[in-house]
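Structural overview for review
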Amino acid sequence: MRFIFKTSYEQDLRLAKHGGHVFWYSLLAVGLVAAPWVAPEYWLAQLTFVLIYAIVGLGLMLLAGFTGLFSLGHAAFLGVGAYTQAVLTGMGWPFALSLACAAGLSAAVGVVVGLPALRVKGIYLGMATLSFGFIVEEVFARWESATGGNSGKHLVPPEIWGFKFESTESFYFLCLVIAVVSTLAILNLLRSPTGRAFVAIRDSEISAQSMGIHLARYKTLSFSISAALAGIGGALYAHKLQFISPDQFNILQSIDLLLMIVIGGLGSVHGAFLGAIFLISMPQLISLSKDWLPAAVGQAPGLQAVVYGAVLIAFVLFEPMGLYGRWLKVRTWLQMFPFYRKGLFKRQKSFQKSDRLR
Amino acid sequence: MQFLQLLISGISQGCIYGLIALGFVLIYKATETVSFAQGELMMLGAFCGLALMTVLGFPFWMAVLASILAMGLFGVVLERAVIRPILGQPAFSIVMLTIGIGYVLRGLVTMIPNIGTDTHTLPVPYKDLSFRLGALVLNAEQLVVIGATAALCVLLFAMFRYSKLGIAMQASSQNQLAAYYMGIPVQRLNGLAWGLAAAVAAVAGLLLAPITFVHANMGLIGLKAFPAAVVGGFGSLPGAIVGGLVIGIVESLSGFYLPDGFKDTAAYIVVLIMLMVKPNGLFGEKLRKKV
């Protein structure tokens, strides 16, 4: 077991806490860079989707996991990013510029949604974002001159300085770079005063306010950063699929995104990636398990929904910190091996937080 | 006359929204949790009635009563098995939990071979009946929905006003700790609230079935009932019904007078306006938290 005695503020702020972090993350980085030469093309495409969902997940994690505001309409931001990218690259704009516009427009929409969030919280905020999601989905379907309506819209491959990211490998690297940059950005944000303010708002709005945190400003900020990341993710998603239609950005997608970060582990950056891996690998695992199950169960159309729901219920009941929490427990068990205490991660119940009293 | 016709169909649709919203409010008042599985409970109630009528050959009224009772029992069991262990955790985890329950219920019904994926019609005795009132055409289905909702409201009102159980439930919804000190079995009442909500959802499902169809995805209408609950105020029982009526009428009128696309989003636009103007809803309670 490793004890880290912090003796200076610099040490407390450092991204890599000890040599082990440096070693394992370098190994991961080497693995990710080497992936195109090792993994078959299909797996590489799946890995690209993992990266894209992780970018969106990072944004939602910042909002739901760190600021404590949960959004039931996050797919709408994904859609705003995707459609902006589709329209702008269709008009011949360069990739980087249109990506910036996609992020910027999503962030602006995020501010607009964030404004009602200043007045409402808890389930009312859920309702506001849910309604927003429905309205945006309808706008995508009806605004045919820009979005192509229900018949969808095709995209051209991204292009930077004449280099076209057409192959699976090149697009993978593009996504990898953007994912790494956004992860570092989020990590840096979280150790800055802004990130601390977000966490303070999540833990107690009243005490955050009494510490001099401007609730309205930080909540809106959180919404806009989260929406910008979702917009970037949406733009990449659109490029990867090369075809988008309104039903890709509906309420079920929003719920999938929430499911992703809850299962990954709320309130951890690792959770966004673990959740994305889970979300992408789940359909594969289900189709693999179909051969094992009796035909009546395995071939039934509702199997996927049942498995998703059951996994979600199991995680909320038994592992509220998600996959990341499970990993923490395993790691602690290994570190403390013969001395692991049973109640080490026991949850505390609180009956004081109530939406009704405001 | 056209307006009146639209109004009546809006009211009957709104009654369904109101009944589902009633389920939300019952659960919210009792346990401070929001159930996203309410629409799926409604779907399950409709399927339950269908199974009793077509497979077991129950007469209509028996089937209705039996499926309401069965769903009530199901709600109690659900609360005991899944919801109770999680009480006291943040509201967010309970929302995710009920979303999970909704997924499982929808998936399980879909998995029933040859039944789950089809649309069915519920054989009701009042099918295809209609009355003429001048130029106004009144469908029996719509009248039954309105009548049954009114009856259910009176029943619930009487229960909360006069029965010992209802008064105990009111007490525990106002202050659980104080109610617990007074010897009210708060946990058991929470279970009963879930049971009651599931039973109300079953009524909504059985009433909706003749108007639309019985289908595994009919529970998605529950998403329309959230606006109803918000407009009425999340903690108010009459508010749920009024909110449902408002949403139903707005939807029906906007479907006719406004361009395409407004019918599906009208409810959500109303919610956004409501949240901006009066976040507590029409009948919302105003409580202040002591720091």
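Quick look at the structure, then.

Rules behind the numbers
Residues numbered from 1 in each chain as written. Chains lettered and ligands numbered in written order. Predicted model: local features only at pLDDT ≥ 70, side-chain atom pairs only at ≥ 80, totals over all residues. Heavy atoms only, no water. Contact = heavy atoms within 4.5 Å. Buried area = accessible area lost by both parts, 1.4 Å probe. Salt bridge = Lys/Arg side-chain N within 4 Å of Asp/Glu carboxyl O. Polar contact = N/O pair within 3.5 Å; in protein donor to acceptor, adjacent residues only side chain to side chain. Axes fitted to C-alpha atoms, helices over the stretch in contact; angles between N-to-C directions. Helix = DSSP H or I, 4+ residues; strand = E, 2+ residues; numbered from the N terminus. Parallel < 35°, antiparallel > 145°, perpendicular 65-115°, else oblique. Left-handed = near helix turned anticlockwise from the far one by under 90°. Nonpolar A, V, L, I, M, F, W, Y, C, P; charged D, E, K, R; others polar. Patch = residues over 30% accessible without salt bridge, like charges linked within 9 Å, V, L, I, M, F, W, Y side chains within 5 Å. Areas by Shrake-Rupley, 256 points an atom, 1.4 Å probe, with all protein chains shown as cover. Core = buried A, V, L, I, M, F, W, Y, C linked by side-chain atoms within 4.5 Å. Buried < 20%, exposed > 50% of the residue type's maximum accessible area, 1.4 Å probe, protein only. Pairing = 2+ DSSP bridges.

At the interface, 50 residues of chain B touch 49 residues of chain A. The contact between chain B and chain A buries some 4800 Å² in all, and 72% of this surface belongs to carbon and sulfur atoms. Run the count over chain B and chain A and you get zero salt bridges. Applying the counting rule to chain B against chain A returns zero residue pairs in polar contact (both at pLDDT 80 or more).

The next subject is the packing of helix α3 (residues 41–66) of chain A against helix α8 (residues 168–190) of chain A. Residues and elements named next belong to chain A. Following both chains from N to C, one finds α3 and α8 inclined at 20°, their axes separated by 9 Å at the closest point. The angle between the axes of α3 and α8 places the two elements in the roughly parallel class. Like other packed secondary-structure pairs, α3 and α8 cross with a definite hand, here left-handed. Residue composition of the contact of α3 with α8, grouped by class: 18 nonpolar, four polar and two charged.

Our focus in this paragraph is a nonpolar patch on the surface. A surface patch of nonpolar side chains, amounting to about 520 Å² of accessible area, comprises W327(A), V330(A), W333(A), L334(A) and F337(A). Mapped onto the secondary structure, V330(A) falls in helix α16 (residues 322–335).

Turning to the nonpolar core, a few remarks are in order. In this structure, L236(A), F249(A), F36(B), M96(B), F226(B) and F234(B) are the most contacted members of the largest nonpolar core, which totals 200 residues. Top contributing element to this core by residue count: α3(A), with 16 residues.

It is worth spelling out the packing of helix α1 (residues 2–31) of chain B against helix α8 (residues 186–211) of chain B at this point. Residues and elements named next belong to chain B. Two elements in contact, α1 and α8, have axes whose closest approach is 8 Å; the angle formed by their N-to-C orientations is 170°. On the basis of the axis angle, α1 is roughly antiparallel to α8. The segment α1 lies against α8, with Q13, I16, L19, I20, L22, G23, L26, I27, A30 and T31 engaging N190, A193, W194, L196, A197, V200, V203, A204, L207 and L208. By residue class, the composition of the contact of α1 with α8 is 16 nonpolar, four polar and no charged.

Bringing the pairing of strand β1 (residues 130–133) of chain B into the picture now. Within a regular strand, the side chains alternate between the two sheet faces. Residues and elements named next belong to chain B. Pairing of β1 with strand β2 (residues 136–139) involves four bridges; the strand directions are antiparallel. Counterpart to R132 in the pairing with β2 is V137. Connecting the antiparallel pair β1 and β2 is a turn made up of two residues, with G134 showing a positive phi of about 65°.

Another aspect to go through is the environment of L237(B). Residue and element names in this part refer to chain B. Structurally, L237 is set in helix α10 (residues 237–257). Overall, the relative accessible area of 18% leaves L237 in the buried class. C-alpha of L237 to C-alpha of G10: the two residues are 227 residues apart in sequence and 20 Å apart in space. If we skip the residues at most four places from it in the chain, L237 touches L22, V25, L26 and F160.

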